Structure formats: C-alpha cells, structure tokens
Amino acid sequence: MGHLLSKNGYRLKKRTRKLRKKKRKRNCLLQGPCMLCFIVHSNSSANPDDEPLDTSGSSCTASATVSVSASKLAERYASSLGSPEACTHFLFAPPCAELALLTAAAASSVPAAKLLLDPPRSSLFRPVVASAVTVSSSVAVSSSVAVPCAPPGLAEMVCKRKRAELQRCTPCKQPRCTFPLPEGADGGGGTANGGSGGGGAAVADTATHCLLPLSSLPSSSSSSSSSSSASSSLASGGEESLGVVPLQRDVAGGESTSPSSECSRAATTTATDLTDASCINHLPSSILLKVFSHLTVRERCLGASLVCKYWRDLCLDFQFWKHIDLSGLQQVNDELLVKIASRRQNVTEVNISDCRNVQDHGVCSLASQSPGLLKYTAYRCKQLSDLSLATIATHCPLLVKVHVGNQDKLTDHALKLLGQHCSELKDVHLGQCYNISDEGMVALARGCPKLHRIYMQENKLVTDKSVRAFAEFCPELQFVGFMGCSVTSQGVIHLTGLRNLTSLDLRHISELNNETVMEVVRKCRNLSSLNLCLNWSINDRCVEIIAKEGRRLKELYLVSCKITDYALIAIGQYSSSIETVDAGWCKDITDQGATQIAKSSKSLRYLGLMRCDKVNEETVERLVLQYPHIVFSTVMQDCKRTLERAYQMGWSPNNSAAS
C-alpha cells in the first residue's frame with residue numbers, strides 16, 4: 001500500500017516498466033491487486049499535471065491516457081475519508097466499487113462519505129462486473145457491483161501494477177458452491193493459489209447482483225480475529241472454497257435485501273440446484289431403460305410410470321412390452337389388453353395367469369394385433385373358452401409355447417386349430433383341462449412334429465391312444481408327463497422309441513407294472529429324471545433295475561411306493577449318478593436303509609424321508625453331522641431349515657410375538 005502513497009510517481013512508473021521488461025509477475029502483499037492499485041483513465045487527460053502511463057505493452061489500453069496519477073488519487077482518498085464510518089465501509093466493501101465511488105466524489109464534488117454510506121438513486125449507476133480479491137491469498141471471488149456510469153471525465157478502472165485492463169472472463173460452469181449468474185449476464189472469473197483475479201462485465205435492466213460470501217460479513221471489531229483464523233487455516237494446508245450468493249439491489253428504490261435472508265434463500269436454492277444436478281434423469285435413456293428392465297410390470301405401471309412424464313415415456317418403450325407378464329393382476333381387463341394391442345404390435349410373450357377379469361374379447365384383440373406372438377400362458381383362467389386359444393392359433397403361426405392349464409371350457413376344437421396353424425409348437429401344457437380327449441390330442445401330435453414337451457394332468461379322457469400318437473409323430477420329445485390320466489402300461493411302452501427323452505412323469509398311473517418301467521429305462525438311455533410317485537405297484541426289484549440301467553439318471557422320485565430298505569441300499573450300491581432320491585411316505589423305510597444309502601452312495605445329495613415313521617430323528621441328526629454334503633428331508637429337519645432362513649432374513653421370536 002505504501003508504494004501508492006509515495007510522492008515520487010516517476011520512480012513508481014520506472015520501477016513498473018522495469019518489472020514488465022523482465023516479464024516477472026510481481027504481486028502485492030495479498031497475492032493479487034490490492035484496493036489501491038486501480039486508477040481511473042479517460043480518453044482525454046482531465047488534469048494536465050498528471051503524467052500518462054506508458055501502456056504500449058498492453059493491447060487493451062494502448063490508446064488510453066492517464067487522467068489521475070497515483071499520488072494525487074491517494075491524496076484524494078485520504079482527504080475523502082473524513083469519518084470512521086467511511087473508513088470502515090471503505091475497508092470492507094468491494095474495492096472496485098468504492099474506488100469508483102470515491103473517484104466520482106472527487107469529480108462531482110460530492111462528499112465521499114455520503115456516496116459510500118448512501119449510494120445515490122439516479123441513473124448514474126449501471127451494473128458492471130469487477131474483480132474482488134478476498135482476504136485469503138489463494139481464493140479470489142468475483143462480484144458484480146454497481147459503479148457510476150462513466151461521464152466524459154471518467155473511464156474504466158485499470159490495474160496499475162499490471163498496466164492493463166482486467167481481462168474479461170468467458171462464462172464457465174459454476175462450481176457447486178456458487179450460483180450461476182442471471183440470464184443475459186456475463187460471469188466474472190477469479191483466480192486461486194496466488195494468481196491475480198479476472199473480471200467481466202454484465203448489463204442488467206432492472207436489478208444488479210452482488211456475489212457475497214455465504215458467511216456473514218465481518219465487522220470492524222471481528223476483522224482481526226477473522227483474519228487470523230483464516231490465515232491459520234490456510235497455513236495448515238487446508239483450502240476453503242467460498243460460496244457466493246446473489247444479493248439483489250433495487251436501483252429504483254435504493255434498497256437492498258439483508259445478506260442473512262439472501263443467504264438462507266440461496267441455501268435453499270443451492271439444495272434444489274444440487275438435487276437437480278444429481279437427478280437420475282440426467283443419465284442417458286439407455287441406462288434408465290436398463291434399470292427399468294429389472295422392474296416387474298406391476299412396478300413399472302403402478303410405480304415408475306407415475307413419477308414423471310419422462311419416466312412414463314420410458315416405461316412405454318417397446319422393449320418392455322415384448323414380454324407382457326400380467327399374472328395375478330386383478331386390475332387387468334379387456335380394455336387394457338385392447339390398449340396394449342392398439343399401441344404395441346411386437347408382443348412376443350403374454351402371461352395372463354390368474355387374471356380373472358380378462359375375457360375372450362381382450363385376448364382375441366391382443367392376438368389379432370400380435371402376429372409375432374411366441375409364448376402364451378394362461379393358467380387358471382376358467383372364464384376363457386375355445387375362442388381365445390382358437391384366435392391365437394389362427395393369428396399367431398409362430399407360436400412355440402402354450403400353457404393353458406386348468407381351463408374347464410377348453411375343448412378339442414382349439415387343439416385342432418393349433419395342429420393346423422402352429423407347426424412350430426414345442427411346449428404344450430394342458431393340465432386339468434377336463435374336456436380334452438384323444439381326438440384333440442392326436443390332431444395336435446400330427447400337426448406339431450417339433451414338440452419337445454407335452455404335459456397332461458388329471459385329463460381322464462386322455463388314454464393310451466394319445467400316448468401312442470405322440471410317440472409316433474413327435475420323435476423329438478424330451479419331456480412327457482401323463483400324471484393321473486387314463487394311461488396304462490400298454491401306452492407307456494410306446495415311449496421306448498423316444499431316444500431324446502430326458503424326463504418322464506408317470507405319477508398316479510393306475511395300471512403301471514414294473515416290467516414296463518424297467519423297459520423304458522433300458523431303452524431311453526438319456527433319461528435323467530423319473531417320477532414314479534403314487535404307484536403302489538413299484539417294488540424293490542424295479543428300483544434295483546432302475547439303479548443298474550439308468551446310467552444318466554439323476555433324479556428318482558418314489559413317494560408312496562411299495563419299497564423297503566433294500567431299494568435304498570441298491571441305489572447306493574449300484575448307481576453312481578443318482579443325486580436326488582425322495583422316498584417319503586414309504587412306511588417300510590427304517591434307519592438301516594437311510595444309513596446305508598448315505599454311507600455307500602458317492603453321488604447322493606438329497607434324501608427325502610418325510611413321514612418315514614420308522615426312521616428315528618436321532619439317527620437323522622447323526623447322519624446330518626456325519627454327511628454334511630447330503631440334505632436330509634424330515635419334518636424336524638425342514639422346520640429347522642425354515643427357521644434358519646427366517647433368522648437370516650432378520651426374523652426374531654420377539655418381533656413375531658409383538659406383531
């Protein structure tokens with residue numbers, strides 16, 4: 001500060017020119033332009049006594065002339081600050097504005113204290129962005145202040161030490177701790193880490209903004225303590241970023257809002273802006289679509305689509321409506337299916353299981369608009385008739401999967417249409433469709449030679465004729481199930497011609513003998529799963545042949561069969577591939593059979609002993625400890641596993657009692 005108060009202006013000019021020739025950056029004590037480093041220039045010299053500065057080195061001020069020398073300006077400032085209040089306001093106000101005010105006072109013969117403490121309400125003021133250097137040596141904050149409109153005798157402020165105008169900074173992205181300038185304003189920049197600050201200019205029509213620190217302005221009494229704390233924090237190596245908030249100044253009324261209210265309002269705006277900046281909607285739509293793909297249809301329709309219009313549009317993306325899973329949604333009706341059909345013509349999979357409000361009209365509308373439908377599932381939709389499945393068969397020739405279990409109104413007519421139009425069909429489930437007979441099943445087998453899976457359950461009108469037709473016309477069958485159907489050993493024996501058969505479900509076949517089962521196991525070498533539950537004719541001899549001949553057999557279900565410990569011992573002795581054995585409800589199984597199969601079998605991983613009353617629980621506990629790789633299924637063991645899973649999920653007895 002002393003170099004400006006020097007009376008020898010020529011030495012100051014000479015020294016500054018010498019520093020500029022050496023191209024050395026010389027900063028003030030505060031690591032930037034101090035408050036007294038600004039002088040006012042004009043195109044014409046206002047005072048002939050002042051010497052002009054040589055600005056040939058700066059392109060921005062090549063034509064500017066010096067109107068007030070540094071010494072004269074310092075004397076004016078010293079004479080203008082006549083009261084303690086004016087000095088305090090001068091020291092803690094933005095330097096550029098106060099210097100401009102004092103210069104205006106000197107030019108217009110108005111007392112400086114009056115201009116400093118009560119700015120005039122005239123059109124003399126216009127918004128200009130200047131650079132305000134903070135007390136910190138590493139942080140510079142740009143502020144927008146009001147300076148007098150330059151009359152002919154006044155001009156822009158220039159940093160004397162740099163001999164150039166304050167470079168105008170291009171608008172840039174505001175840091176998180178600051179707020180963007182109003183629209184139409186040019187943002188000013190600042191430097192950190194010891195650099196000199198840059199400034200800019202902005203023009204506003206109605207109001208001007210001043211960027212102030214988020215912290216309250218220091219008073220004269222607390223300035224020393226604040227300065228010492230700031231310098232100590234900087235000396236320890238910590239860096240603080242000062243947030244700035246806009247302070248509205250009413251030009252017409254000369255009133256300004258309090259900094260505390262503006263800071264609180266700015267803090268709220270900051271939270272809103274940060275929330276918007278980190279909003280998930282800023283992610284690319286491809287990422288949001290990937291996130292939404294993990295949601296169910298219920299979550300997308302009743303949750304995500306109600307958030308905003310953008311999410312609603314994303315939830316209506318075509319990829320989500322290729323596979324429509326509406327199972328269990330009682331809100332689904334014909335009107336919804338009609339809307340889906342009118343908007344989406346690329347549906348490939350539909351599941352309307354347990355949708356009791358869906359009628360034939362809705363299914364027909366969807367089928368007529370979905371020629372590329374591949375999979376159709378409608379379990380327990382007893383209100384649907386032949387019309388639904390017939391329309392699907394007519395309009396969807398590429399159909400490969402039809403699961404329509406437990407539909408009482410379904411008849412052979414729909415199966416005939418499936419056989420005529422859907423030659424690509426591979427998976428059919430017609431369990432508990434009690435009106436289906438051999439006529440429809442034979443037509444289906446003849447028209448769908450590519451079938452891989454056929455499952456029937458409790459279809460009393462299906463007999464050996466249907467089994468023979470499938471074995472003859474569908475050589476690629478891999479899964480066959482005729483649980484509870486009117487099938488005998490004479491029909492099952494035809495399955496020996498299926499070389500690709502891997503899974504056979506013969507539960508509850510009333511007339512099934514051991515010889516037929518053994519022959520099927522011998523001929524079907526790829527058989528991996530055999531279900532013989534609820535067949536009292538299966539004995540130990542049959543199980544022994546199965547264990548010997550089933551080289552690839554992994555699952556064997558013998559619930560409620562007439563077997564003893566000998567069957568389990570034979571499995572452990574002869575089979576090296578069986579992993580799952582379920583012998584539940586076999587009353588003749590004892591501790592010996594359970595112990596021997598666990599001891600001798602090297603492939604066993606699951607042994608079902610549910611309600612085998614002759615097997616002691618102490619024996620099972622000992623086997624559990626001795627063979628930890630085998631899961632033993634009993635009433636007690638299953639209860640223990642259920643409790644363990646509940647504890648893992650956070651359940652506790654106290655919570656259960658309280659609820």
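Here, residues in each chain are numbered from 1, in the same order as that chain's written sequence. Totals for whole chains, interfaces and linings use every residue, but because this is a predicted model, local features are given only for residues with pLDDT of at least 70 and side-chain atom pairs only at 80 or more, for both listing and counting. Calculated side-chain values reflect all of the structure's heavy atoms, with hydrogen atoms and water omitted.

## Describing the overall build of the protein
Strands here mean DSSP runs of E at least two residues long; helices mean DSSP runs of H or I at least four residues long; both are numbered from the N terminus. Of regular secondary structure, the protein possesses 25 helices and 21 strands. For each residue, the accessible area found with a 1.4 Å probe, counting protein chains only, is set against the maximum for its type, and the residue is called buried under 20%, exposed over 50%, and partly exposed in between. Within the protein, buried positions represent 45% of all 659 residues. Put simply, of all contacts in the protein between residues at least 6 apart along the chain, 72% involve residues at least 24 apart. When the accessible surface of the protein is split by element, carbon and sulfur atoms take 54% of a total near 33,800 Å². Note on contacts: a residue pair is in contact if any heavy atoms of the two residues lie within 4.5 Å. Only the protein chains shown count as cover for residues, with accessible areas throughout obtained via the Shrake-Rupley method and a probe of 1.4 Å.

## A short note on the environment of L389
Locating L389 in the fold gives a position in helix α14 (residues 386–395). Residue L389 is classed as buried on the basis of its relative accessible area, which comes to 2%. Note: C-alpha distance between L389 and V402 (13 residues apart in sequence) is 9.0 Å.

## With respect to the confidence of the model for the protein
The pLDDT value tells you how sure the predictor is about a given residue, anywhere from 0 up to 100. For the protein, the average pLDDT comes to 72, and 57% of its residues sit at 70 or higher. In the predicted structure, residues 1–7 sits below a pLDDT of 50 and forms 14 contacts with residues beyond four places in sequence or in another chain.

## Side note on helix α19 (residues 514–523)
For α19, the complete set of buried residues consists of N514, T516, V517, M518, V520 and V521. Among the structural elements, α18 (489–492), β16 (503–505), β17 (529–531) and α20 (540–549) are those in contact with the buried residues of α19.

## Focus on the pattern of salt bridges
The term salt bridge refers to a side-chain nitrogen of Lys or Arg lying within 4 Å of a carboxyl oxygen of Asp or Glu. All chains considered together, the criterion is met by 18 salt bridges. Here E335 and K339 are joined by a salt bridge, their closest N and O atoms 3.8 Å apart. Of this pair, E335 and K339 both sit in helix α12 (residues 334–343), separated by four residues, roughly a single helical turn. On the accessibility criterion, E335 (52% relative accessible area) is exposed. Under the relative-accessibility criterion, K339 is labelled partly exposed at 45%.

## Section: α12
Residues of α12 that are buried: D334, L337, I340 and A341. Along α12, the residues classed as buried sweep out an arc of 125° about the axis, all on the same side. The outward face of α12, more than 90 degrees from its buried face, is lined by the exposed residues E335, S342 and R343. Elements in contact with the buried residues of α12: β9 (323–325) and α13 (360–368). Directions from the helix axis toward the C-beta atoms define the arc.

## Some remarks on unusual backbone geometry
Positive phi, close to 60°, is recorded for R380, a residue that is not glycine. A residue is classified by how much of its surface remains accessible, and R380, at 41% relative accessible area, is partly exposed. In this structure, Q432 takes a positive phi of about 60° despite not being glycine. You can call Q432 partly exposed: its relative accessible area is 23%.

## Thoughts on the pairing of strand β15 (residues 479–483)
With five of five residues buried, β15 lies mostly within the body of the structure. Along β15, one buried face is formed by F479, G481 and M483 and the opposite face, lined by V480 and F482, is buried too. In this sheet, β15 lies alongside strand β14 (residues 453–457) in parallel orientation, the contact comprising five bridges. Its bridge partner being in β15, Y455 is matched across the sheet by G481. Remark: the β14/helix α17 (residues 464–473)/β15 crossover connection has right-handed handedness. For two strands to be treated as a pair, DSSP must find no fewer than two bridges joining them. Pairing geometry for β15 and β16, over three bridges, is parallel. For V480, the partnering residue across the bridge sits in β16 and is L504. If the strands point away from the viewer and the path from the first strand over the helix to the second runs clockwise, then the crossover is right-handed.

## Re a nonpolar patch on the surface
For patches, a residue must show more than 30% relative accessible area and have no salt bridge; joins then use 9 Å for like charges and 5 Å for nonpolar side chains, namely Val, Leu, Ile, Met, Phe, Trp and Tyr. A cluster of nonpolar side chains, I280, L283, I287 and V291, forms an exposed patch at the surface whose accessible area comes to about 290 Å². Note on placement: V291 falls in helix α9 (residues 285–292).

## Describing the packing of α12 against α13
The angle between two axes is taken between their N-to-C directions and runs from 0 to 180 degrees, where each axis is a line fitted to C-alpha atoms and a helix contributes only its stretch in contact. Running from N to C, α12 and α13 point in directions that differ by 5°, and their axes come no closer than 8 Å. Considering the angle they form, α12 stands roughly parallel to α13. Residue-level inspection shows D334, L337, V338, I340 and A341 of α12 in contact with α13, the latter providing H361, G362, V363, S365 and L366. Among the residues forming the contact of α12 with α13, the class breakdown is six nonpolar, three polar and one charged. An angle below 35 degrees is treated as roughly parallel, one above 145 as roughly antiparallel, one from 65 to 115 as roughly perpendicular, and anything else as oblique. Polar here means any residue other than Ala, Val, Leu, Ile, Met, Phe, Trp, Tyr, Cys and Pro, which are nonpolar, and Asp, Glu, Lys and Arg, which are charged; Gly is therefore polar.

## Focus: the nonpolar core
To form a nonpolar core, buried Ala, Val, Leu, Ile, Met, Phe, Trp, Tyr and Cys residues must be joined to one another through side-chain atoms within 4.5 Å. In terms of nonpolar packing, the biggest core is built from 116 residues, with Y376, L430, F470 and L530 touching the most fellow members. Among the elements that make up this core, the one with the highest residue count is α20 (five residues). With sequence-adjacent residues up to four places away left out, L430 is seen in contact with V404, L410, L415, I436, M441, L444, Y455, M456 and N459.

## With respect to the state of the cysteines
In what follows, a disulfide is any cysteine sulfur pair within 2.5 Å. Evaluated as defined, the whole model comprises zero disulfides. The closest cysteine sulfur to the non-disulfide-bonded C586 is located on C612, 5.7 Å from its own sulfur.

## Regarding the side chain of T634
Mapped onto the secondary structure, T634 falls in the loop between β21 (631–633) and α24 (635–648). We call two N or O atoms a polar contact when they sit within 3.5 Å, provided that within protein one can donate a hydrogen and the other can accept it, with sequence-adjacent residues counted only if both atoms are side-chain atoms. Polar side-chain contacts of T634 include one of 3.2 Å to the backbone nitrogen of Q637. When near neighbours in sequence (up to four residues on either side) are disregarded, T634 contacts L609, M610, E617 and V620.

## Points about the pairing of β14
In terms of burial, β14 is a largely internal element, four of the five residues being buried. Bridge count between strand β13 (residues 427–429) and β14: three bridges; the pairing is parallel. Following the sheet pairing, H429 is matched in β14 by Y455. Viewed along the sheet, the connection from β13 through helix α16 (residues 438–447) into β14 turns out right-handed.

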